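Each chain, letter by letter, is given below.
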Amino acid sequence: MERTFIAIKPDGVQRGLVAEIISRFERKGFKLVAIKIVVPSKQFAQKHYHDLKERPFFNGLCDFLSSGPVVAMVWEGEGAITYGRKLIGATDPQKSEPGTIRGDLAVVVGRNIIHGSDGPETAKDEINLWFKGEELV
Ligand code: ATP
Ligand code: MG
């Protein structure tokens, strides 16, 4: 069954949105197969966002991801990768539809509270980066 990596970023944790976000994935019908809270190092954040290393915001983005606790999760279900991105909404919360997580709960792109894998390959890589096999049920 399809699996996706979802992370509640430090702003989402700090703002107390963990339960709200988990609830949206649960109510949709996806199954939580792994969860933990971690403070990633900057080096780890750079690995996670390696595809964006040429972008001007890369350094600030990695500083931010490593600035506090992140709730790392793996969710499973048919269409979990694509539909997970739908639940999350567009990257820029100004463009996210109301009803999406970013649309309802975030305002600016640099503080968009949640990450979701953008395809099957990145999902596999991100799950392997953040979790050991025995941490998944
Ligand atoms: P994520 O990978 O976090 O789920 P995404 O796939 O919607 O987000 P990406 O293009 O992968 O978007 O960008 C990764 C993250 O980089 C975004 O979530 C956002 O926090 C940050 N980011 C993207 N574009 C900008 C920008 N123009 N200025 C500042 N930060 C940005
Ligand atoms: Mg992305």
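You'll find the chain entered in an unreviewed UniProt entry as Nucleoside diphosphate kinase, with Nyssa sinensis given as the organism. The UniProt entry for the chain carries the following comment under Function (unreviewed entry): "Major role in the synthesis of nucleoside triphosphates other than ATP. The ATP gamma phosphate is transferred to the NDP beta phosphate via a ping-pong mechanism, using a phosphorylated active-site intermediate. Shows the highest specificity towards GDP."

Engineer: Help me out: how do you make sense of the UniProt feature "active site" (unreviewed entry) in the chain in this one?
Structural biologist: Feature annotation in UniProt places "active site" (unreviewed entry) on H115, given in this structure's numbering. The residue H115 is located in strand β4 (residues 114-116) in this model. Other than its neighbours up to four places away in sequence, H115 contacts F5, I6, A7, K9, H48, Y49, I88, R102 and E126.

Engineer: Before we go on, may I ask you to explain the nonpolar core in this structure?
Structural biologist: Counting 19 residues, the largest nonpolar core has I21, F25, I101, I113 and I114 as its most contacted members. Where this core is concerned, the elements lending two or more residues are β1 (3-8), α2 (18-28), β3 (70-76), α5 (80-88) and α6 (101-105). Those residues in contact with I21 that sit more than four places away from it in its chain are I8, I101, I113 and I114. If you look at the next biggest cluster of nonpolar residues, it comprises 17 residues, including A34, A45, V70 and V74.

Engineer: Explanation requested: the confidence of the model for the chain in the structure shown.
Structural biologist: Caution applies to low-pLDDT regions: their predicted coordinates should not be interpreted in detail. Here the chain shows a mean pLDDT of 98. Residues at 70 or above account for 100%. Overall fold confidence (pTM) sits at 0.97, and the ipTM for the predicted complex is 0.95.

Calculation notes
Residues numbered from 1 in each chain as written. Chains lettered and ligands numbered in written order. Predicted model: local features only at pLDDT ≥ 70, side-chain atom pairs only at ≥ 80, totals over all residues. Heavy atoms only, no water. UniProt positions renumbered as here; feature names shortened; annotations may be inferred. Helix = DSSP H or I, 4+ residues; strand = E, 2+ residues; numbered from the N terminus. Contact = heavy atoms within 4.5 Å. Core = buried A, V, L, I, M, F, W, Y, C linked by side-chain atoms within 4.5 Å. Buried < 20%, exposed > 50% of the residue type's maximum accessible area, 1.4 Å probe, protein only. pLDDT = per-residue confidence, 0-100.

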